[in-house]
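Residue-level structure breakdown
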Amino acid sequence: MGQTVTEKIISAHSGRKAKVGEVVIVEVDGAMASDTTAPIAIQAFKAMGGQKVWDPSRCHLVIDHAAPAPNERIANLHVMMRQFAHTQNMRIFEAGQGICHQLMIENDLVRPGNIFIGADSHTCSYGAIGALATGVGSTDLAAVLLTGKTWLKVPPTIKIELSGQMPMGTQSKDLILHLIGKLGIAGATYCAMEICGEAVTGLSLSSRLVMANMMIEAGAKTGFIHTDGLELPYSYSPLLADDDAKYQELIQLDVSNLQPMISRPHSPDNVVPIELELGRKIDYAFIGSCVNGRLEDLHVAAKILSEATIHPNTRLVIGPASKQIFMQAVKDGTVETLLRAGATFIPPGCGPCVGTHNGVPGGGEVVISTANRNFKGRMGNPDSLVFLASPATVAASAREGQITHPLDFLRD
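Quick summary incoming for the structure in this document. (Residues numbered from 1 in each chain as written. Predicted model: local features only at pLDDT ≥ 70, side-chain atom pairs only at ≥ 80, totals over all residues. Heavy atoms only, no water.)

**Focus: the pattern of salt bridges**
Within the structure shown, the criterion is met by 13 salt bridges. Among the ionic pairs, R58 bridges to D55, the shortest N-O distance being 3.2 Å. A salt bridge links E400 to R399; the nearest nitrogen and oxygen atoms lie 3.8 Å apart. According to the relative accessible area criterion, E400 is partly exposed, its value standing at 32%. Look at R399 and you get partly exposed, because its relative accessible area is 24%. A network of salt bridges, in which partner residues are shared, links D29, D55 and R58. (Salt bridge = Lys/Arg side-chain N within 4 Å of Asp/Glu carboxyl O. Buried < 20%, exposed > 50% of the residue type's maximum accessible area, 1.4 Å probe, protein only.)

Here it is, written out as structure tokens:
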């Protein structure tokens, strides 16, 4: 019996041919924790008797979820992280450097074929480059820091074959929202998702990261975007499933007629075509987070808002995924275009998405966001309504003050 990509990577890291349902111990290639999870992981590491992390060059801390610190309590947690990183000779990414998942990819700290463990649920993002990446709790992360190993139950795989080419105005965010709506929020629970097909080949790394990032919103443990057509700043050998690999489910989708999608409150799988929400007034538009804060996202927003301004009854907040992305956007004029349109830039980080600071909505306000979750209270206010959409849809909606199809503003 052949193996899926997931089974191959787990087998290579466990020293045995892994089969679905088995619990195995695997060697880990890298580990990461952010300021929401690192403090508890540090405490657990010490409680386990930890003195030295297994490999400082493979262990990373990131201050991004409440950055810069919004209050004394969080500032002290950041101090704990800095002290631990200094003592362990680990790398720590300071506030303002960027969001953890973007930084791991940007700095080549995760590679195709790796097993990477992060104390954050969206660690599955690294499946965009063919790594097996998954989120764990702080205590499990502490054990990884101590031993360089973890346990995994080998998951079954759902294969998704995408044919055709997406039409203008539709982005990878629309595609993954459509898939989440089809599967449901628990439809891939403890499965791997393997996305392939001709529609994938032409996708940029940024677009692939969007899709891998949101696999967790269908319950997936991990997932992969096939690396066909993917260019990385280093050489790598693509990892493919065997022709006779066994899958739990096969989904085939022609994306040629896909239109922009909207996820309604209060669940990412509450997905409908944009036409069902056109004209809904919005108060607050947000472009950013670990799913959609990259340069190509800012570019599409700038194209839509060039020579225009946001609606007077709407505000637009933009959080680049990293300092590097922000600097590139400054250099090529994107930031100036968006500032002139009325946007407000915040430091790279997770604040608005998780509701810590830098953009909490008011009671009763309607938000359209490029983030990955819209659970009740997710952005910090349980009395607000959060809709999820692509950067193009969010920018067009900010321009018009209501949910708007982006196509009219993207035609040359």
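**Regarding the nonpolar core**
As a rule of thumb, soluble globular proteins bury nonpolar side chains together. If you look at the biggest cluster of nonpolar residues, it comprises 89 residues, and the most contacted ones within it are M104, Y126, L162, I195, M211, L316 and L338. Among the elements that line this core, the one with the most residues is helix 9 (residues 295-305), at seven residues. Filtering out sequence-adjacent residues up to four positions away, I195 remains in contact with I160, L162, L179, V200, M211, M215, F224, I225 and H226. With 37 residues, the next largest nonpolar core counts V5, I63, A85 and M90 among its residues. (Core = buried A, V, L, I, M, F, W, Y, C linked by side-chain atoms within 4.5 Å. Helix = DSSP H or I, 4+ residues; strand = E, 2+ residues; numbered from the N terminus. Contact = heavy atoms within 4.5 Å.)

**Topic: the packing of aromatic side chains**
Per the counting criterion, the structure on display carries three aromatic pairs. Consider the rings of F45 and F84, whose centres lie 5.5 Å apart with planes at 80°: the pair is edge-to-face. You can see F45 sitting in helix 2 (residues 38-47) and its partner F84 sitting in helix 3 (residues 72-88), a full 39 residues away along the chain. Exposure class is identical for F45 and F84. Each is buried. Between F116 and Y126, the aromatic rings sit 5.2 Å apart at their centres with planes inclined by 90°, giving edge-to-face as the arrangement. Taken together, the residues span a long stretch of sequence, with F116 in strand 5 (residues 115-118) and Y126 in the loop between strand 5 and strand 6 (132-135) at a distance of ten residues. Comparing F116 with Y126, the two get one shared label, buried. A cation over a ring is seen here: R315 above Y284, with NZ or CZ 4.5 Å from the ring centre. (Phe/Tyr/Trp six-rings, centres within 6.5 Å; stacked < 30°, edge-to-face > 60°. Lys NZ or Arg CZ within 6 Å of the ring centre and 35° of its normal.)

What is shown is where atoms sit, not what they do.
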